[in-house]
Amino acid sequence: MSNPVLDYQIIEDESKLDLPAYIDNPDYVKNKTAGYLLQLIGWILFILIIFPLITLFLWYFEFTIVKKYIFNDTMYAQLHGLMYIGIGILIFSLLLIIWASYNWVRFNHKERRHKSQNTPIEEFAQDFSLTQNDVLKLQQGSNIILHYDDDGLLEQYNIMK
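Here's a quick rundown of the structure. These numbers come from a predicted model, not from an experiment.

Observations concerning the overall build of the chain
Next up, step 1: Summing up its helical and strand segments, the chain has four helices and two strands in all.
Next up, step 2: By residue count, 6% of the 161 residues in the chain fall in the buried class.
Next up, step 3: Excluding contacts between residues fewer than 6 apart, the proportion of contacts in the chain whose partners are at least 24 apart in sequence is 7%.
Next up, step 4: With an accessible surface of roughly 15800 Å², the chain has 63% of that area assigned to carbon and sulfur atoms.

Digging into the packing of aromatic side chains
The description of an aromatic ring pair rests on the distance of the ring centres and on the angle between the ring planes.
Next up, step 1: A full pass over the atoms with the stated rule returns four aromatic pairs.
Next up, step 2: When the ring of Trp43 is compared with that of Phe46, the centres are 5.9 Å apart and the planes differ by 90 degrees; the resulting orientation is edge-to-face. Of this pair, Trp43 and Phe46 both sit in helix 1 (residues 32-70), three residues apart, roughly one helical turn.
Next up, step 3: With centroids separated by 6.4 Å and ring planes inclined at 15 degrees, the aromatic side chains of Phe57 and Phe61 adopt a geometry described as stacked.

Looking at the pattern of salt bridges
Note that side chains of opposite charge can pair when their charged atoms are close.
Next up, step 1: The full count for this structure, using the stated rule, is one salt bridge.
Next up, step 2: In this structure, the salt-bridge partner of Arg113 is Glu111, at a minimum N-O distance of 3.3 Å.
Next up, step 3: Overall, Arg113 belongs to the exposed group, its relative accessible area being 69%.

A closer look at the pairing of strand 1 (residues 143-148)
Next up, step 1: Here six bridges tie strand 1 to strand 2 (residues 154-160), and the two strands are oriented antiparallel to one another. What sits directly across from Tyr148, in strand 2, is Leu154.

Details of the nonpolar core
Next up, step 1: Core analysis: the biggest nonpolar cluster contains six residues, these being Ala125, Leu130, Val135, Leu138, Leu154 and Tyr157.
Next up, step 2: Among the secondary structure elements, those contributing two or more residues to this core are helix 4 (132-140) and strand 2.

Focus on unusual backbone geometry
Next up, step 1: Although it is not a glycine, His109 adopts a positive phi angle of roughly 60 degrees.
Next up, step 2: Among the secondary structure elements, His109 is positioned in the loop between helix 2 (74-107) and helix 3 (121-127).
Next up, step 3: Its identity as a non-glycine residue notwithstanding, Ser129 has a phi of 55 degrees, on the positive side.
Next up, step 4: Along the chain, Ser129 falls in the loop between helix 3 and helix 4.
Next up, step 5: Relative accessible area serves as the criterion here: at 64%, Ser129 is assigned to the exposed category.

Criteria and cut-off values
- Residues numbered from 1 in each chain as written.
- Predicted model: local features only at pLDDT ≥ 70, side-chain atom pairs only at ≥ 80, totals over all residues.
- Heavy atoms only, no water.
- Helix = DSSP H or I, 4+ residues; strand = E, 2+ residues; numbered from the N terminus.
- Buried < 20%, exposed > 50% of the residue type's maximum accessible area, 1.4 Å probe, protein only.
- Contact = heavy atoms within 4.5 Å.
- Areas by Shrake-Rupley, 256 points an atom, 1.4 Å probe, with all protein chains shown as cover.
- Phe/Tyr/Trp six-rings, centres within 6.5 Å; stacked < 30°, edge-to-face > 60°.
- Salt bridge = Lys/Arg side-chain N within 4 Å of Asp/Glu carboxyl O.
- Pairing = 2+ DSSP bridges.
- Core = buried A, V, L, I, M, F, W, Y, C linked by side-chain atoms within 4.5 Å.

Spelled out as structure tokens, the structure:
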């Protein structure tokens, strides 16, 4: 049985492809001048309107920063900075305590990790095309050499003592 995901064909005949007629056909592109003119108008508006607005915003932002640092009392600024640092430490500490409490309530005395079940010897032997006695011998061997065929199937094994 073939895998439908891996079954694909490379289509070389373009008539079999469902492509719209205007793809790769410059005859369908009409009135290029109007398109280029619209693009030029857009760039001019961007340069003449958007750039100055961005520049005004950045000037205002820089002015407020300079005003805050030049015309501010040094002691007041230091106390103000320490207050923000303290508030930040308090907020992050509370978040850490809340998160730890949540995890403690959720996982306290609840063991979620379990040992995986051992594979039955019959199933293990069947997967490797061995007998159950062969699997028991291999489990007790300390130095084992496995020989595989070209398809990756186990052909033979040697147990060294």
